[in-house]
Amino acid sequence: MQSTRQWMEPGSASVRNRDVTKWGGIEKNGTATPPTIGSKIYVTMNKLGPATVKGYFVEGGWLGILVKLSDPPKWWREQNKGEPGRLAHIFGPEFRIVE
């Protein structure tokens, strides 16, 4: 079975999987459209905190964002074995725009 995760290269303007039609952002959070790479956001899910958008992924037909957490909680660092380059996978309703 092939993974549904698809990557979008930084600086690219088109998603490789043209079937992606679902974003799921929330207008009141400023997330009605996906943020651009480099945007500063606040991840509300699990109180993960401030982050920077590094890329995009697709899971089950939904577009998500890959983010680098600025100061992840201790439990997150332990769960991810302290890998400093580890990116979090976040969907539209799970964050708000900071900038």
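What counts and how
The written sequence of each chain sets the order in which its residues are numbered from 1. Per-residue local features are limited, in this predicted model, to residues with pLDDT of at least 70; the limit for side-chain atom pairs, both in listing and counting, is 80 or more; totals at the level of whole chains, interfaces and linings are taken over all residues. Side-chain numbers come from the whole structure's heavy atoms, not from hydrogens or water. Think of it this way: any DSSP run of H or I at least four residues long counts as a helix, any run of E at least two long counts as a strand, and we number them from the N terminus. Under the scheme applied here, a residue whose accessible area is under 20% of the maximum for its type counts as buried, over 50% as exposed, and between as partly exposed, the area being computed with a 1.4 Å probe on protein chains only. Working rule for contacts: check all heavy atoms of both residues, and any pair within 4.5 Å makes them a contact. In these tables, accessible area is a Shrake-Rupley quantity obtained with a 1.4 Å probe, and a residue counts as shielded only by the protein chains included in the view. As used here, the term nonpolar core means buried Ala, Val, Leu, Ile, Met, Phe, Trp, Tyr and Cys residues forming a set that is joined through side-chain atoms within 4.5 Å. Being paired, for any two strands, means DSSP has found at least two bridges between them. Any carboxyl oxygen of Asp or Glu that lies within 4 Å of a side-chain nitrogen of Lys or Arg is treated as forming a salt bridge with it.

S.K.: Help me out: how do you make sense of the overall build of the protein chain in this one?
M.R.: The helix and strand inventory of the protein chain stands at 1 helix and 5 strands. For the protein chain, the succession of helices and strands along the chain, N to C, is β-β-β-α-β-β. A burial count over the protein chain gives 32% of its 99 residues as buried. If you take every contact in the protein chain between residues at least 6 apart in sequence, the share linking residues at least 24 apart comes to 53%. Within the structure as shown, the protein chain displays about 6300 Å² of accessible surface, and the carbon and sulfur contribution to it stands at 51%.

S.K.: Would you explain the environment of H89 in this entry?
M.R.: As for its placement among the helices and strands, H89 is situated in strand β4 (residues 88–90). The exposure class assigned to H89 is partly exposed, which follows from its relative accessible area of 30%. Sequence spacing of H89 and F57 is 32 residues, and the spatial spacing of their C-alpha atoms is 7.9 Å.

S.K.: Can you help me understand the nonpolar core in this one?
M.R.: One broad trend across soluble globular proteins is that nonpolar side chains are buried collectively. Counting 16 residues, the largest nonpolar core has I41, V43, I65, V67, L69 and I90 as its most contacted members. For this core, the secondary-structure elements that each account for two or more residues are β1 (40–43), β2 (49–59), β3 (62–69) and β4. If sequence neighbours within four positions are ignored, I90 has contacts with V43, M45, L48, F57, G64, I65, V67 and F95.

S.K.: Looking at this model, I keep getting lost on the pairing of β2. Mind explaining?
M.R.: Sheet faces and side chains relate simply in a regular strand, where the side chains alternate between the two faces. Of all 11 residues that make up β2, 8 are buried, and the element is covered over most of its length. Bridging between β1 and β2 involves 4 bridges; their strand directions are antiparallel. Its bridge partner being in β2, K40 is matched across the sheet by T52. Count of turn residues in the β1/β2 antiparallel hairpin: 5 residues, of which N46 carries a positive phi of about 55°.

S.K.: For this particular structure, what's the right way to read the pattern of salt bridges?
M.R.: Side-chain pairs of opposite charge can arise where the charged atoms are in close proximity. In this structure the tally under the stated criterion is 1 salt bridge. We note a salt bridge from K74 to E78, for which the minimum N-O separation is 3.8 Å. Of this pair, K74 and E78 both sit in helix α1 (residues 74–79), separated by 4 residues, roughly a single helical turn. For the pair K74 and E78, a shared accessibility class is recorded, and that class is exposed.

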